[in-house]
Amino acid sequence: MTEQHGNGEEGRQVLVRRRPDAMVRPGGASGAGGRGVADGRYRSQVLTTKVGLEIPSGLTFEDWERAGRQLSGLVNSSSWWLGDWLVYGKDHYSDRYERGIRAAGLQYQTLRNYAWVSRRFEMHRRRAALSFQHHAELASLPVEEQERWLDQAEQQGWTTKQLRRAIRLARADDVREAARSETTRRLAVPGSRLQWWHKAAEHSGVELEQWVLATLDNAAEQILEELKERAGISA
């Protein structure tokens, strides 16, 4: 968590603070009131401002890495925060929430996307180990599928891109399986029959598909002619 900086600089917040033993510059405190200690403390902090990040020179790799993790967590969490904020506003101030959005200086389209994902995932279903974007990839799916994909993404440690690819491959498999099922439903032919038909088609000098169509057309024509004849006799 960031903490408000106490030196009066408006908008600055501490993102990373070094250990106390790293806050004093070499040579210890100097000047009245321990100014050296204060300066050392200031130089040991990573500060967030409204226009950027203030990183002290000589920052250790561990502190730099920790700052990155905290920034990533803040970005991910802020999407949920903004989504929940808009959902609450729409539910409680339907006649005024747009005014609140304008006053906050936020883009409605972005907030609407955040709110949609937030509505699709109740708080207890959100996975802290996965990003907001992981959830956004699954927001349009039924709850059961969302849970299944969230479980897999969490267990496999998938990135958002890997999750998207897995979903795309699964959908392609579903389409192929549906096509196979449709073909089987249309015409289930034993292998021995196919071999027999192939021989007949070769003897006729045509491809199997053409032979099958011609044979079926002839059979249909014969049956329909017989029906006509019977109808004429009955008349």
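This text goes with the structure placed above it.
Since the structure is predicted, the reported quantities are computational estimates derived from the model, not experimental observations.

Draft legend 1. Quick peek at the pairing of strand β3 (residues 45-49). Of all five residues that make up β3, four are buried, and the element is covered over most of its length. As paired strands, β3 and strand β4 (residues 52-54) are joined by three bridges and run antiparallel to one another. Across the sheet, residue L47 finds its bridge partner in β4, namely E54. In this structure, the hairpin formed by β3 and β4 is closed by a connection of two residues.

Draft legend 2. Focus on helix α6 (residues 143-156). If you check α6, its first and last C-alpha atoms are 20 Å apart, about what 14 residues at 1.5 Å a residue would give, namely 20 Å. Along α6, the residues that are buried comprise Q146, W149, L150 and A153. The arc that holds every buried residue of α6, seen down its axis, measures 105°, which confines them to one face. Along α6, exposed side chains directed more than 90 degrees from the buried face belong to E144, Q155 and Q156.

Draft legend 3. Seen up close, the side chain of R125. Counting through the fold element by element, R125 comes out in the loop between α4 (108-120) and α5 (132-138). For R125, a relative accessible area of 12% gives the class buried. A polar side-chain atom of R125 sits 3.0 Å from the main-chain carbonyl oxygen of R120. A distance of 2.6 Å separates polar atoms of two side chains, one belonging to R125 and the other to Q146.

Draft legend 4. Structural view of the pattern of salt bridges. Tallying each qualifying case throughout the model produces ten salt bridges. E147 is paired through a salt bridge with R125; the nearest N and O atoms lie 2.8 Å apart. Remark: R125 occurs in the loop between α4 and α5 and E147 occurs in helix α6; sequence separation between them is 22 residues. Judged by its relative accessible area of 24%, E147 is partly exposed.

Draft legend 5. Quick peek at the packing of aromatic side chains. In total, this model carries five aromatic pairs according to the counting rule given. Note on F61 and W64: the rings are 5.6 Å apart at their centroids and 40° apart in plane angle, and the pair reads as tilted. Of the two residues, F61 and W64 both sit in helix α2 (residues 61-92), three residues apart, roughly one turn of that helix. By relative accessible area, F61 is classed as exposed at 51%. By way of ring pairs, the aromatic residues W80, Y114 and F132 are connected into one cluster.

Draft legend 6. Layout of the packing of α2 against α4. At a minimum axis separation of 7 Å, α2 and α4 run at an interaxial angle of 90°. In this view, α2 runs roughly perpendicular relative to α4, as classed from their interaxial angle. Along the contact surface, α2 presents S79, W80, L82, G83, D84, W85, L86, V87, K90 and D91, while α4 presents Y108, L111, R112, Y114, A115, V117, S118 and R119. Of the residues that constitute the contact of α2 with α4, the class distribution is ten nonpolar, three polar and five charged.

Here is what the cut-offs are and how they apply
Residues numbered from 1 in each chain as written. Predicted model: local features only at pLDDT ≥ 70, side-chain atom pairs only at ≥ 80, totals over all residues. Heavy atoms only, no water. Buried < 20%, exposed > 50% of the residue type's maximum accessible area, 1.4 Å probe, protein only. Helix = DSSP H or I, 4+ residues; strand = E, 2+ residues; numbered from the N terminus. Pairing = 2+ DSSP bridges. Expected span 1.5 Å × (residues − 1). Arc of directions from axis to C-beta. Polar contact = N/O pair within 3.5 Å; in protein donor to acceptor, adjacent residues only side chain to side chain. Salt bridge = Lys/Arg side-chain N within 4 Å of Asp/Glu carboxyl O. Phe/Tyr/Trp six-rings, centres within 6.5 Å; stacked < 30°, edge-to-face > 60°. Axes fitted to C-alpha atoms, helices over the stretch in contact; angles between N-to-C directions. Parallel < 35°, antiparallel > 145°, perpendicular 65-115°, else oblique. Contact = heavy atoms within 4.5 Å. Nonpolar A, V, L, I, M, F, W, Y, C, P; charged D, E, K, R; others polar.

Distances and angles like these do not, on their own, reveal function.
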